[in-house]
Amino acid sequence: MFLDPEFLPVYESLPEMDVFADVQGARVALSVASGDGKSDGEVNVEDREIVTDGHALGLRVYTPVPRSAAPLPVAVWIHGGGFVLGGPNAEDATCRRLTAELGIAIVAPDYRLAPEHPYPAAFDDCYAALRWVVDEADALGVDVARVALGGHSAGAALVAAVALAARDRQGPHIRYLHLGYPVLDDRLETDSARAVTDPKLFNRQGAAAGWELYLQGSDPGAGYAVPGRAKDLRDLPASYILVDGVDPARDEALEFAARLSAAGNSVELHLVPGVPHMFDVLAPGIRASRRAVAAWTSAFAHGIGAS
């Protein structure tokens, strides 16, 4: 598939990789490359812990410095990592940037990871984080009318799953969704899923491995395991969907966006040609990354109701 010329030098420097072949090793490598989660002059960071369904769930809370006396918009930001990697530190830079630039609060759940904790563990934790934000809104100083969910890759899949559950369970109310290059369907039957097999990039094999470790025999059509299999997409929050051109998940994300729109939802879709999954992380300085990040950040500010 075509690659953006500005991305080519990055592509040539990438090693062939299979993070799912050594999950523990990949976790160690990711932790070294992650943010530190410390407060600074622009953002206050506080780690909390709650008990949900008998286990401890870590939550990282970001608030701007200085902060408004009025209740803040708040986003529950769900990290990616193929359902098996990552934690709040993995997207510390994104959470910190959004908090400082938009003047919002962000709560990032340290949800349980597969394969040790298959579905529905991660989903349950992310939904519990949303419930906690709304239940503790007064203490947190956040506005329950301006609650958003955001995430990338597997994080975006969990965003979609939590939004479906919140609709079905009559709450909490969610105002806006950001789905960045979401992985939404375990079936991998699309043209892009068949085409993207390059071992230097997130590919069909990686997508299949992530879903297998997450589902581990669960019925993919039941509950909220696989958002792409959901039959009813009506009455969901306004959504922004960012899609990569060279991504096995490209076509399933495009199909999901079309189904959301057909079901009567507000959807903004951006397809960035010539770039792979996580292009903005792999090559933050290229024009495609700068334009995409600026566009979705502006849309997020409007969608969440940030001033």
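See the structure above.
Below or above, wherever it landed, is the structure these notes cover. (Residues numbered from 1 in each chain as written. Predicted model: local features only at pLDDT ≥ 70, side-chain atom pairs only at ≥ 80, totals over all residues. Heavy atoms only, no water.)

## Focus on the overall build of the protein
Next, step 1: Scanning the protein for helices and strands turns up 11 helices and eight strands.
Next, step 2: Against the globule reference of 19 Å for 307 residues, the protein gives a C-alpha radius of gyration of 18 Å, in line with a compact fold.
Next, step 3: The dimensions of the protein, computed from C-alpha atoms along their principal axes, are 50 × 40 × 40 Å.
Next, step 4: Burial status across the protein gives 56% buried among its 307 residues.
Next, step 5: For the protein, the separation between the mean place of its 25 positive charges and that of its 41 negative charges on side chains is 4 Å. (Helix = DSSP H or I, 4+ residues; strand = E, 2+ residues; numbered from the N terminus. Rg over C-alpha atoms; globule rule 2.2 N^0.38 Å. Buried < 20%, exposed > 50% of the residue type's maximum accessible area, 1.4 Å probe, protein only. Lys, Arg positive; Asp, Glu negative; His and termini not counted. Charge placed at Lys NZ, Arg CZ, Asp CG, Glu CD.)

## Observations regarding the packing of helix α4 (residues 121-135) against helix α6 (residues 154-168)
Next, step 1: The geometry of α4 relative to α6 is characterised by a closest axis approach of 10 Å and an angle of 65° between their N-to-C directions. For the pair α4 and α6, the crossing hand works out as right-handed. Here A122, F123, C126, Y127 and L130 of α4 come into contact with α6, specifically with L158, A161, V162, A165 and A166.
Next, step 2: Classifying every residue of the contact of α4 with α6 gives 10 nonpolar, no polar and no charged. (Axes fitted to C-alpha atoms, helices over the stretch in contact; angles between N-to-C directions. Left-handed = near helix turned anticlockwise from the far one by under 90°. Contact = heavy atoms within 4.5 Å. Nonpolar A, V, L, I, M, F, W, Y, C, P; charged D, E, K, R; others polar.)

## With respect to the pattern of salt bridges
Next, step 1: Taken as a whole, this structure holds 16 salt bridges when the rule is applied.
Next, step 2: Ionic pairing is found between R48 and E46, a salt bridge with its closest N-O pair at 2.9 Å.
Next, step 3: Its relative accessible area of 30% is what places R48 among the partly exposed residues.
Next, step 4: For the salt bridge of R112 with D125, the shortest nitrogen-to-oxygen distance reads 3.0 Å. With R112 in the loop between β4 (105-110) and α4 and D125 in helix α4, the pair connects residues that are 13 residues apart, well separated along the chain.
Next, step 5: Salt bridges here are not isolated pairs; linked through shared partners, they connect R167, D168, D232 and R234. (Salt bridge = Lys/Arg side-chain N within 4 Å of Asp/Glu carboxyl O.)

## Some points on helix α3 (residues 92-102)
Next, step 1: Those residues of α3 lying buried are D92, T94, C95, R96, L98, T99 and L102.
Next, step 2: Elements in contact with the buried residues of α3: β1 (43-52), β2 (55-64), β3 (72-78), β4 and α11 (287-304).
Next, step 3: Remark: G103 follows α3 within two positions and exhibits a positive phi of approximately 65°.

## Considering the nonpolar core
Next, step 1: Counting 65 residues, the largest nonpolar core has F123, L158, L179 and Y214 as its most contacted members.
Next, step 2: Residues in contact with L158, not counting those within four places in the same chain, are I78, F83, Y111, A122, F123, C126 and Y214.
Next, step 3: In this structure, L98, F279, I286 and F300 belong to the second largest nonpolar core, which totals 36 residues. (Core = buried A, V, L, I, M, F, W, Y, C linked by side-chain atoms within 4.5 Å.)

## Considering the packing of aromatic side chains
Next, step 1: Counted by the stated rule, this structure contains 12 aromatic pairs.
Next, step 2: For the ring pair F123 and Y224, a centre distance of 5.2 Å and an interplane angle of 25° mean the geometry is stacked. Pair noted here: F123 is in helix α4 and Y224 is in the loop between α8 (204-215) and β7 (238-246), with a separation of 101 residues, a long-range link.
Next, step 3: Judged by its relative accessible area of 17%, Y224 is buried.
Next, step 4: Ring geometry for Y181 against F279: centres 6.4 Å apart, planes inclined by 65°, an arrangement best described as edge-to-face. Of this pair, Y181 sits in the loop between β6 (176-180) and α7 (191-195) while F279 sits in helix α10 (residues 279-282); the two residues are 98 residues apart in sequence, bridging distant segments of the chain. Each member of the pair, Y181 as well as F279, is classed as buried.
Next, step 5: Sitting above the plane of the Y127 ring, R169 keeps its charged end 4.6 Å from the centroid. (Phe/Tyr/Trp six-rings, centres within 6.5 Å; stacked < 30°, edge-to-face > 60°. Lys NZ or Arg CZ within 6 Å of the ring centre and 35° of its normal.)

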